[in-house]
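These are the residues of each chain, in order.
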Amino acid sequence: MFVKLLAVRAKPLNSTPAADADVGPVLFSAEQIAARVQQIGGEIERDFAGSVPLVVAILKGSVLFVSDLLRAVDAPIEVEFLAVSSYGSGTKSTGVVRIGKDIDREISGRDVLIVEDIVDTGATLRHLKDYLGQLKPATIRTCSLLVRSPVGSEHEPPDVDYVGFEVASDAFVIGYGLDHDQRYRNLPYIAEFLV
Ligand code: 5GP
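Calculation notes
Residues numbered from 1 in each chain as written. Predicted model: local features only at pLDDT ≥ 70, side-chain atom pairs only at ≥ 80, totals over all residues. Heavy atoms only, no water. Salt bridge = Lys/Arg side-chain N within 4 Å of Asp/Glu carboxyl O. Buried < 20%, exposed > 50% of the residue type's maximum accessible area, 1.4 Å probe, protein only. Helix = DSSP H or I, 4+ residues; strand = E, 2+ residues; numbered from the N terminus. Arc of directions from axis to C-beta. Core = buried A, V, L, I, M, F, W, Y, C linked by side-chain atoms within 4.5 Å. Contact = heavy atoms within 4.5 Å. Pairing = 2+ DSSP bridges. Near = heavy atom within 4 Å. Polar contact = N/O pair within 3.5 Å; in protein donor to acceptor, adjacent residues only side chain to side chain. Areas by Shrake-Rupley, 256 points an atom, 1.4 Å probe, with all protein chains shown as cover. Nonpolar A, V, L, I, M, F, W, Y, C, P; charged D, E, K, R; others polar.

**Q** How should I be thinking about the pattern of salt bridges in this particular structure?
**A** Where charged atoms from two side chains of opposite charge approach closely, those side chains can pair. Applying the stated criterion to the full structure yields eight salt bridges. Of the charged contacts in the structure, one is a salt bridge between Arg46 and Asp47, with a shortest N-O distance of 3.3 Å. Where Arg185 meets Asp179, a salt bridge forms, and the shortest distance between an N and an O atom there is 3.6 Å. Overlapping salt bridges, with partners in common, bring together Glu78, Glu80, Arg105 and Arg110 in one network.

**Q** How should helix 2 (residues 63–71) be read in this particular structure?
**A** An α-helix turns once every 3.6 residues. As a result, residues three or four positions apart point the same way. What helix 2 keeps buried is the set Phe65, Val66 and Leu69. For helix 2, the buried positions fall inside an angular range of 90 degrees around the axis, keeping them on one side.

**Q** What should I look at first to understand the nonpolar core in this one?
**A** Taken as a class, soluble globular proteins show a tendency for nonpolar side chains to be buried jointly. Within the largest apolar cluster, 27 residues are counted, with the highest numbers of intra-cluster contacts made by Phe65 and Leu146. Elements with a minimum of two residues in this core: helix 1 (30–47), strand 2 (54–59), helix 2, strand 5 (111–119), strand 6 (139–148) and strand 7 (162–167). The dominant element in this core, judged by the number of residues it contributes, is helix 1, at four residues. Sequence-distant contacts of Leu146, that is, excluding residues within four places in its chain, are made with Phe28, Asp117, Ile118, Val119, Phe165, Val167, Val173, Leu178 and Ile190. Counting 16 residues, the second-largest nonpolar core is a separate cluster that includes Val56, Ile103, Val119 and Leu125.

**Q** Mind showing me how you'd approach the sheet that holds strand 8 (residues 173–174) here?
**A** The strands making up a sheet associate through backbone hydrogen bonding, with each pair oriented either parallel or antiparallel. On the basis of which strands lie adjacent, the open sheet formed by three strands has the order 1-9-8 and antiparallel pairing. Each edge of the open sheet carries a strand with a single partner, namely strand 1 (23–28) and strand 8. Here strand 8 runs beside strand 9 (residues 190–193); their pairing, made up of two bridges, is antiparallel. Within the sheet, the bridge partner assigned to Val173 lies in strand 9 and is Glu192.

**Q** Just checking my understanding: could you explain the site of the ligand for this structure?
**A** Taken together, 17 residues form the shell around the ligand, and within it Asp120, Thr121, Thr124, Val173 and Asp179 come nearest. Interatomic distance of 2.5 Å between a side-chain N/O atom of Thr121 and an oxygen atom of the ligand. Contact distances for the ligand include 2.7 Å between a nitrogen atom and a backbone N or O atom of Asp179. Compared with its free state, where it exposes 510 Å², the ligand has 93% of that area covered by protein. Every element with two or more residues in the shell around the ligand is listed here: strand 3 (78–87), strand 5 and helix 3 (123–133). For the shell around the ligand, the class distribution of residues is eight nonpolar, four polar and five charged.

Below is the structure:
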C-alpha cells in the first residue's frame, strides 16, 4: 500500500505578511530570539542551582517566550500563570494595572521568577512584585524578553534581572507573543508596529 505524502511548503520564518501593512521592520529574528532564549535559560539554570524555581508567567504576552524559556532550562522548574492588563486596545499605557487570572497555588518560601514580555515604564512589574511579595516567597527575581530603552524617556530605568533585548523608546513592538489589539502574537519574530 502506498502512503501519499503531502509536500508542505514552509513559509520563510522571517517573512513579513505582505498583506499586512501594519507590520514594520523586523527588529529581532526568530533565530536571534532562539539564541538569546538559550543563553537566558543557561543563566537561570546556573543561578537557581539547588532550588526549584517557580516561574510566574504573565499572560498573555509572555506565553511564547516562557514556553521556549522553560525548555531552555535543563533542571527542575515549575510554572504558574497570572493575567494582567495595563493597555487597552491602543499603544499607550493606561497606567492602570488590573489582575485577571491569579496564580493557583501557594508561593510562600519559593524562589519566584516573574516572566514578562516587555517592561516599559516598569509600573506593571513593580505592581506584580508588590503583589507577589505579600505572598511571602523566599526570593523574587524578574525576567523580561524586552525592556524599553530608558534613553529619551522620563522614567527611571526598570530593574530587571534577566533581559532578552532592549528596544528603542519610541517603538511599539509586536510578535512572538506581543500583540496590538490581540493580533500578531503568532509572528515568530519581533517587529515594529507601524502606528
Ligand atoms: P509598563 O507597565 O512597564 O509601562 O508596561 C508593560 C506592559 O505594557 C507590557 O506587559 C505590555 O503588555 C505593554 N506594552 C508596553 N510596550 C509595549 C509594546 O511595545 N508592545 C506591546 N505589544 N505591548 C507593550
